[in-house]
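# Structural description and commentary
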Amino acid sequence: MALLRASGLSKTYGQGRLRVEALREVSLSVGVGEAVALMGPSGCGKSTLLNLLGLTLPVTSGELLVRGEPAPTRERDRARLRNEFFGYLHQEFAIVESDTVAANVTIPLEYTRPRIGRRQRLERARRAVESVGLGWALRRRAAELSGGERQRVAIARALVNEPHLVIADEPTAALDLATAREIVTLLLSMRQRGASILVATHDPRVAERCDRVVAMSDGGLAAERTNPHAATGN
Ligand code: ADP
Ligand code: ADP
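Residues numbered from 1 in each chain as written. Chains lettered and ligands numbered in written order. Predicted model: local features only at pLDDT ≥ 70, side-chain atom pairs only at ≥ 80, totals over all residues. Heavy atoms only, no water.

## Let's talk about the site of ligand 2
Lining the immediate environment of ligand 2, one finds Leu 177, Ala 180, Arg 181, Val 184, Asp 203, Arg 205, Val 206, Glu 208 and Arg 209. In the environment of ligand 2, an oxygen atom lies 3.0 Å from a nitrogen or oxygen atom belonging to the side chain of Arg 205. In this structure, Glu 208 approaches ligand 2 through a side-chain N or O atom, which is 3.0 Å from an oxygen atom. Protein coverage of the free-state accessible area of ligand 2, which is 540 Å², stands at 56%. Mapped onto the shell around ligand 2, the elements with two or more residues apiece are helix H7 (177-189) and helix H8 (204-207). The dominant element in the shell around ligand 2, judged by the number of residues it contributes, is H7, at four residues. (Near = heavy atom within 4 Å. Polar contact = N/O pair within 3.5 Å; in protein donor to acceptor, adjacent residues only side chain to side chain. Areas by Shrake-Rupley, 256 points an atom, 1.4 Å probe, with all protein chains shown as cover. Helix = DSSP H or I, 4+ residues; strand = E, 2+ residues; numbered from the N terminus.)

In structure tokens, the structure reads:
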């Protein structure tokens, strides 16, 4: 079963003269453990599609199934699904610089596991941080870390709830090549835990390492290809 299945998704922003048809009738599935790259020029609708599939934006029309079930419409249910099943990674990292690595990584747990104790929360943070190779930095302030290390903190935070889907919008755009490569390797390694990855990127080097590449153009899907060796080539 697909983790996500979208059929005929459309999204319109604004009304009247300000109306923008950002997505028209997009259909796309993401398999369990599959990494899908979305490519295309600025303004073609990549972020909009990520936000619809990631339940951070309501669809205008069309159908979206999450693990075979229609995506909920009530905000409370959507928030629960977002927090429990999805992890998000942004270009700007969205790390709180003045906080420790541990404090940054435990943020999602405050929503999903408000009742677990401080020790358990720290323990989960420690495991997530170790899985990205930053065990030594747990108690450091984020401001003391390099750009690549901060992005790894962001990955640890996306992982702390063991998500089924990681959504990444241009995760390497602000990084140098070597760091970008390392971050992509980490991101794709989440497949081994059964997570699916959906990544919007301008970088063909990122796309070629994903299992499937979907090219977008002007609010629609333009082309699609499978990278047969992506999984073994990483
Ligand atoms: P991409 O991520 O590929 O750059 P976006 O999904 O951000 O594309 O944008 C798709 C289209 O929707 C663009 O024309 C953009 O200007 C428009 N758009 C995006 N967000 C909004 C918004 N909040 N309000 C109005 N128009 C928007
Ligand atoms: P050079 O330009 O010195 O040959 P690069 O660093 O551009 O080396 O690329 C070396 C290899 O690393 C390429 O095969 C490319 O696929 C991979 N690579 C480089 N940058 C990235 C990136 N941002 N994401 C994924 N893979 C990358």
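Moving on from the coordinates now.
## A word on the site of ligand 1
Near ligand 1, the surroundings consist of Tyr 13, Val 20, Ala 22, Pro 41, Ser 42, Gly 43, Cys 44, Gly 45, Lys 46, Ser 47 and Thr 48. Between ligand 1 and Gly 43, the relevant distance is 2.7 Å, taken from an oxygen atom to a main-chain nitrogen or oxygen of the residue. Taking 560 Å² as the accessible area of ligand 1 by itself, protein coverage stands at 58%. Where the shell around ligand 1 is concerned, the elements lending two or more residues are strand S2 (20-31) and helix H1 (46-53).

## Description of helix H2 (residues 75-85)
If you check which residues of H2 are buried, you get Arg 78, Leu 81, Arg 82 and Phe 85. One side of H2 carries all its buried residues, which in axial view fall inside an arc of 105°. (Buried < 20%, exposed > 50% of the residue type's maximum accessible area, 1.4 Å probe, protein only. Arc of directions from axis to C-beta.)

## Overview of unusual backbone geometry
Of note, the phi angle at Glu 162 is positive, near 50°, even though the residue is not glycine. Phi at Asp 218 is positive, roughly 50°, even though this residue is not glycine. Structurally, Asp 218 is set in the loop between strand S9 (212-217) and strand S10 (220-226). According to the relative accessible area criterion, Asp 218 is exposed, its value standing at 58%.

## Things to note about the nonpolar core
Core analysis: the biggest nonpolar cluster contains 42 residues, and Val 105, Ile 155, Met 190 and Ile 197 have the highest contact counts within it. For this core, the element with the most residues is H7, which contributes six residues. The residues contacting Ile 155, other than those within four sequence positions of it, are Leu 89, Val 132, Ile 183, Leu 186 and Met 190. One finds Val 30, Cys 44, Leu 52 and Leu 55 within the second-largest nonpolar core, a separate group that totals 29 residues. (Core = buried A, V, L, I, M, F, W, Y, C linked by side-chain atoms within 4.5 Å. Contact = heavy atoms within 4.5 Å.)

## Overview of the pattern of salt bridges
Evaluation of the coordinates by the stated rule reveals 13 salt bridges. We note a salt bridge from Asp 77 to Arg 74, for which the minimum N-O separation is 3.7 Å. Here Arg 74 falls in the partly exposed class, since its relative accessible area comes to 48%. In this structure, Arg 152 engages Glu 182 in a salt bridge whose closest nitrogen and oxygen atoms are separated by 3.2 Å. One end of the pair, Arg 152, is in helix H6 (residues 147-159); the other, Glu 182, is in helix H7, with 30 residues separating them in the sequence. For Glu 182, a relative accessible area of 36% translates into the label partly exposed. (Salt bridge = Lys/Arg side-chain N within 4 Å of Asp/Glu carboxyl O.)

## Re the environment of Thr 112
The residue Thr 112 is located in helix H4 (residues 107-112) in this model. Using a relative accessible area of 14% as the deciding quantity, one classes Thr 112 as buried. Distance from Thr 112 to Leu 89, taken between C-alpha atoms, is 18 Å for residues 23 residues apart in sequence.

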